[in-house]
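Residues per chain, in single letters:
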Amino acid sequence: MQYSAVIFDLFATLVDFSPRAHHETVLRMATALAVPHVAFARIWSKALHLQEHGYHQTVEDSLEYACHILNVEVDASPIAQATRLYLDFQRGTLIPRRHAIEILRQVRATGCKTGLISNCPSAVKFVWPETPLAALLDVTVFSYEVGLLKPDAQIYRVTCERLGTAPQHCLYVGDGGGGELTGAMKAGMHAVLLQIADEDFEDAQRLGRETWQGTTIATLPGVLALAGI
């Protein structure tokens, strides 16, 4: 076996992610709060960045922040409704992509460890235990927990330390968002781009992926051959 650990990205890798669906959810949240859609969407983007860094630990924190910036007072009931809308979106997003469960099981069956590094909002922690992915990953490193985001080299080092392995013995698999593959390579890992052929083109464009000249696979099962499994 070529590697001692295979580390995955979460969104658009182990699970599908639709920026369009996310935007539609944000607009529904604005409707629930009775606030201007465009202004709320712009502020919510900033709030998500604060969630990713761990500054906001709950959806309510972000909603209160947005309402403060908008200079509006919103009762508890609309806040609760908007919170449910966002958590339901995350719950629907965290459905494992085709082959994800099978691949994680096969990797672990060989004795190879599985890891996860994700730049994600703290809202995820409220629904993460519900997904079957949680039980199949030996180590999960969420940006909101460690206050680090990919491609910061430190988040990859933290993951390796928790896995008990060196970066050169790790294979990193991701969709290339946010410079994560280059970050993994700079941290000493081997990196591969997962580029799903039937992905929505508009959503793919919105994810802001890096240009990648390295190894590319079109489906998750391609990981097995690269990992020598």
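For the structure, check the block above.
Rules used in this analysis
Residues numbered from 1 in each chain as written. Predicted model: local features only at pLDDT ≥ 70, side-chain atom pairs only at ≥ 80, totals over all residues. Heavy atoms only, no water. Salt bridge = Lys/Arg side-chain N within 4 Å of Asp/Glu carboxyl O. Helix = DSSP H or I, 4+ residues; strand = E, 2+ residues; numbered from the N terminus. Buried < 20%, exposed > 50% of the residue type's maximum accessible area, 1.4 Å probe, protein only. Core = buried A, V, L, I, M, F, W, Y, C linked by side-chain atoms within 4.5 Å. Contact = heavy atoms within 4.5 Å. Disulfide = S-S within 2.5 Å.

J.: Please give an account of the pattern of salt bridges that cites residues and values.
T.: Per the counting criterion, the structure on display carries 6 salt bridges. Arginine 108 serves as the salt-bridge partner of aspartate 138, at 2.9 Å between the closest nitrogen and oxygen. Note that aspartate 138 is positioned in the loop between strand S2 (113-118) and strand S3 (139-142) and arginine 108 in helix H5 (residues 100-109), a separation of 30 residues in sequence. Judged by relative accessible area, aspartate 138 falls into the partly exposed class, the value being 34%. Relative accessible area serves as the criterion here: at 32%, arginine 108 is assigned to the partly exposed category. Residue lysine 150 is joined to glutamate 180 by a salt bridge in which the shortest nitrogen-to-oxygen separation is 2.8 Å. Taken as a pair, lysine 150 in the loop between helix H6 (143-146) and helix H7 (153-163) and glutamate 180 in helix H8 (residues 180-186) lie far apart in primary sequence, 30 residues in all. Take lysine 150 and glutamate 180: they sit in the same class, and that class is buried. Each of Asp9, Lys150 and Glu180 takes part in one network of salt bridges that share partners.

J.: Report on the nonpolar core, specifying residues and quantitative values.
T.: Residues Val6, Phe8, Leu10, Trp128 and Leu133 are the most contacted members of the largest nonpolar core, which totals 34 residues. Listed by contribution, the elements that provide at least two residues to this core are strand S1 (5-8), H5, strand S4 (170-174), strand S5 (190-194) and helix H10 (222-226). Looking at this core element by element, the count peaks at 5 residues for H5. The contact partners of valine 6, leaving out residues within four places of it in the chain, are Val107, Cys112, Lys113, Thr114, Gly115, Leu171, Val173, Val223 and Ala227. Core analysis: the second largest hydrophobic core is formed by 22 residues, Val26, Ala30, Val59 and Leu63 among them.

J.: Describe the state of the cysteines, naming the residues involved and giving the relevant values.
T.: In total, this model carries 0 disulfides according to the counting rule given. Of all cysteine sulfurs, the one in cysteine 170 lies closest to cysteine 112, which takes part in no disulfide; the gap is 8.4 Å. Cysteine cysteine 120 remains unbridged, with the sulfur of cysteine 160 as its closest cysteine sulfur at 18 Å. Judged by relative accessible area, cysteine 120 falls into the buried class, the value being 0%.

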